[in-house]
Amino acid sequence: TVKGAPEWATIEVLPNVGRCDHTYAYFITTILPQKINPAEQENSIVVFLKDDISAENFHQSGHWNDFETLVKLASSENGFACGIEPGGIQHGTHIFFLSAYHDVETLFDFSMAEYDRNVKGYNVDETEFKSQFTTLGSWYNSLNAGEVANNVTHVCYGGVFAASVDNILRRDISVWKAVETSLARGNNVLEGHYAERSWGHLLSTPLQPYQAEALISKSDGVYMNKNSMHGALIRRPKLFLHIGVKGTLSSEILAESFISDIARLKLDGYRVAVHGKYDGGLHGFPDIDRLGACLWSEVSKQRIPSYMKEAAICPEHLLSSLNDFMNHTLNDSANLILTNPWLSRPGTADPLSTFIDPSWDVNVVLYYRRYFEFITLVFDDWRRDLFNHTLTPHDIPYNSFRYIDFLREYNKRLFYGKNIEEEELPICRMNHTKSFNNKSPYMSKFDPTTEVDLVELTDLQEYSYFAAKQYYSQPRFRDVTVVNYHDQYGPDVNFYCHVLSDAHNSCEVAVQREKSSIEESGRDQNFFQTDTSPPFNNIQAYEDIVIAGFHSKRLKFDGANDQFSSQVLLWAGMVHSALIQSDKYTFADLPIECLYPFEVDLLRDVSLSYEKLLMPNFFDDGADLRDDFKKWRFCSVDTD
């Protein structure tokens, strides 16, 4: 007796063999030819349902498809839809997503020794579970269903699926009769598991080669488990964490590109969360502008300049909103790109590694710019911020105000870690201590440059090397990708086409955008994006002169603190006007103070060391960097 069957249902009693798979094959060979109207064949589908879809009978990872989706997919060009959407598997702290598509070679190696689920209390026949066909591949070959067109194929588990009548009839009736005969051997037989894993292949429209290649390119491997979805393509959800290092322009360029290309990225399977582009939730991601503030310790927050203190305040719901967004992205089986320039600050990697769900396969991405260029750009930003926000007559950083002073301040250990009198500095050190035996077993003079690499002796911790080192020190962030700013392609092309590697739609639009830009500007495609202009300009020189004059009390200021910057700029303009009107002096006559030759050499050497370490394939012998370095002058106006 069939309980709950509708009045219009046709009920036919069959021998209890082959379970649901035998019933499906019987329907195709015997019932369907009687039911189908040739005029309706093109627009008809068959939904195959088994008697029990309860939770106790759900053995796969995933969830049930809804009936409407089942019908829509079966009515599409694919001509097939599975009742179960594959989910993920957990291995340790890692989660892998399972695909409905399987590697054919691995799938065809499937076999099973025994199966004791779903006994149901029916009379058990004495048929042996084991089959004459030792693998799924050997069973499939016995059907004479033809060669498998691709090295990946659709597999459906759970015994619930839908197929277009066209796709059912595309197979010769002899194939379906072979399936039916094979399954008639007994109730609980291995052939039933072979059939379960073959419906998708037998009924779905074969993939095109490019579709199969795309599936493989987006996969991390093949699931090996003969008790489950053996052969399924798997991948870990990927989180690309872009760390915006100053001086590379990567944050600014990528933020614009991610928003303009958001639809293309979604088509490629990527969601984005972009610093500075929340726009009230217009783009579908939460506000992550002050993510750093939710991660830093109180000590780290104290290092934020006073005029930026708001950046150190964590919004109440930021972390929970971001966590919800990341979970939704996981549920959509999509990858995620998150970009925020504040994440390059020291003290960020450790708390961020704790916040990010272990399900994510994290790739930290940062851009590299040559050190001597980077520190120059940092100086320019620092000096601009100083004038805009913090410069007062009582708080002037004389030790780093000029360009060369800034270079010396943040390269102290690099420049002066050794005996400086041997490095062309015009100082002869007087010896006021007893003679010292360097080979004394009792004590020694500490010299950090004897064993420590040059790369450890600079002091701007936001530089690419230190940011990469900070993240790499965390086990969660061992996958660190350094992208070359000096490459001939722009930051977005390199990100889409090389970092992501499988974002073909986004890569295509970025390449076309850059090509159009080159054609409009006439820029040679081999142009390297390096600023080789001498980092010495008249505006900074006039400001240096004015600050020196104020320090020596030749200039006086009695106004309010917040007016001091404007006064300095006014004085600098007066110096500029005086030089223009002078018949005796020009800007070229200003006295110049440059780094000493040994300092220049060390600045070059540490820049070479960084490039060799961060971009070994680009470095070669460092000739390109040396050539660029020669074009630079590390000088300021001599205010003494």
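Residues numbered from 1 in each chain as written. Predicted model: local features only at pLDDT ≥ 70, side-chain atom pairs only at ≥ 80, totals over all residues. Heavy atoms only, no water.

Novice: Sorry, what's going on with the state of the cysteines here?
Specialist: Cysteine pairs can be linked by a disulfide, which is a covalent bond between their two sulfur atoms. Scanning the entire structure with this criterion turns up 4 disulfides. The disulfide partner of Cys594 is Cys635, and the gap between their sulfur atoms is 1.9 Å. Between Cys594 and Cys635, the S-S torsion sits near 95°, and that sign places the bridge as right-handed. Placement of Cys594 in strand E16 (residues 592-594) and of Cys635 in strand E17 (residues 635-637) is noted, with a sequence separation of 41 residues between them. (Disulfide = S-S within 2.5 Å. Helix = DSSP H or I, 4+ residues; strand = E, 2+ residues; numbered from the N terminus.)

Novice: What is the right way to read the sheet that holds strand E11 (residues 238-243) from this model?
Specialist: Note on sheets: strands pair through backbone hydrogen bonds, and any given pair is parallel or antiparallel. With respect to topology, 5 strands assemble into an open sheet ordered E12-E13-E11-E14-E15, the strand pairing being parallel. Each having just a single partner strand, strand E12 (270-274) and strand E15 (480-484) make up the two edges of the open sheet. On average, adjacent strands in this sheet sit at an angle of 20° to one another, irrespective of strand direction. Those strands touched by helix H13 (residues 318-331) are E11, E12 and strand E13 (335-340), and its axis lies near 150° from that of E13. (Pairing = 2+ DSSP bridges. Axes fitted to C-alpha atoms, helices over the stretch in contact; angles between N-to-C directions. Contact = heavy atoms within 4.5 Å.)

Novice: Sorry if this is basic, but what is going on with the sheet that holds strand E8 (residues 161-164) here?
Specialist: The strand order E1-E8-E3 describes an open sheet built from 3 strands, whose pairing is antiparallel. Each edge of the open sheet is held by one strand with a lone partner, namely strand E1 (45-48) and strand E3 (80-82). Going from strand to strand, the sheet's axes swing by 10° on average, the running direction of each strand aside. Here E3 pairs with E8 via 3 bridges, running antiparallel. Across the sheet, residue Ala81 finds its bridge partner in E8, namely Ala162. Contacts from helix H1 (residues 19-35) reach E1 and E8, with the element oriented near 145° to E1. The strands touched by helix H2 (residues 67-74) within the sheet are E1, E3 and E8, with E3 carrying the most contacts at an inclination of about 150°.

Novice: How should I be thinking about the nonpolar core in this particular structure?
Specialist: A general tendency of soluble globular proteins is for nonpolar side chains to be buried together. One finds Leu241, Ile356 and Phe495 to be the most contacted residues of the largest nonpolar core, which totals 87 residues. Sequence-distant contacts of Ile356, that is, excluding residues within four places in its chain, are made with Leu239, Leu241, Met326, Val362, Arg476 and Phe477. Within the second largest apolar cluster, 46 residues are counted, among which are Ile28, Tyr115, Val175 and Leu202. (Core = buried A, V, L, I, M, F, W, Y, C linked by side-chain atoms within 4.5 Å. Buried < 20%, exposed > 50% of the residue type's maximum accessible area, 1.4 Å probe, protein only.)

Novice: What should I look at first to understand the packing of helix H23 (residues 597-614) against helix H25 (residues 623-630) in this one?
Specialist: The geometry of a pair of packed helices is captured by two quantities: the angle between their axes and the separation between those axes. Packing of H23 against H25 leaves a shortest axis separation of 10 Å and a crossing angle of 145°. For the pair H23 and H25, the crossing hand works out as right-handed. From H23, Val600, Leu603, Arg604, Ser607, Leu608 and Glu611 reach across to H25, where they touch Leu625, Arg626 and Phe629. (Left-handed = near helix turned anticlockwise from the far one by under 90°.)

Novice: Is there a simple way to think about the pattern of salt bridges in this case?
Specialist: Should their charged atoms come close, side chains of opposite charge can pair. Inspection of the entire model under this criterion finds 27 salt bridges. One salt bridge connects Arg236 with Asp361, and the closest N-O pair in it is separated by 3.9 Å. With a gap of 125 residues between them, Arg236 in the loop between strand E10 (232-235) and E11 and Asp361 in strand E14 (residues 361-368) connect regions that are remote in the sequence. Residue class for Arg236 comes out buried when judged on its relative accessible area of 11%. The class for Asp361 is partly exposed, based on a relative accessible area of 24%. Ionic pairing is found between Lys277 and Glu256, a salt bridge with its closest N-O pair at 2.6 Å. Residue Lys277 is located in the loop between E12 and helix H12 (298-301), and its partner Glu256 is located in helix H10 (residues 250-260); the two are separated by 21 residues in the primary sequence. Among the residues examined, Lys277 registers a relative accessible area of 17% and is labelled buried. Glu256 sits in the partly exposed class, given a relative accessible area of 45%. (Salt bridge = Lys/Arg side-chain N within 4 Å of Asp/Glu carboxyl O.)

Novice: Could you clarify how one ought to interpret the pairing of E11 in this entry?
Specialist: Along any regular strand the residues' side chains alternate between the sheet's two faces. Summarising burial for E11: 5 of the 6 residues are buried, a large majority. Bridge count between E11 and E14: 6 bridges; the pairing is parallel. Within E14, the residue paired with Lys238 across the bridge is Asp361.

Novice: Honestly, the packing of aromatic side chains in this entry has me stumped. Any pointers?
Specialist: Two numbers describe a pair of aromatic rings. These are the distance of the centres and the angle of the planes. One pass over the full model with this rule turns up 41 aromatic pairs. Connected via pairs of aromatic rings, a cluster forms that spans Tyr24, Phe27, Phe48, Phe80, Phe161, Trp176 and Trp199. Here the basic side chain of Arg197 rests over the ring of Phe110, its NZ or CZ set 3.9 Å away from the ring centre. Over the face of the ring belonging to Tyr472 we find Arg478, whose NZ or CZ atom lies 5.0 Å from the ring centre. (Phe/Tyr/Trp six-rings, centres within 6.5 Å; stacked < 30°, edge-to-face > 60°. Lys NZ or Arg CZ within 6 Å of the ring centre and 35° of its normal.)

Coordinates in, geometry out; function isn't part of it.
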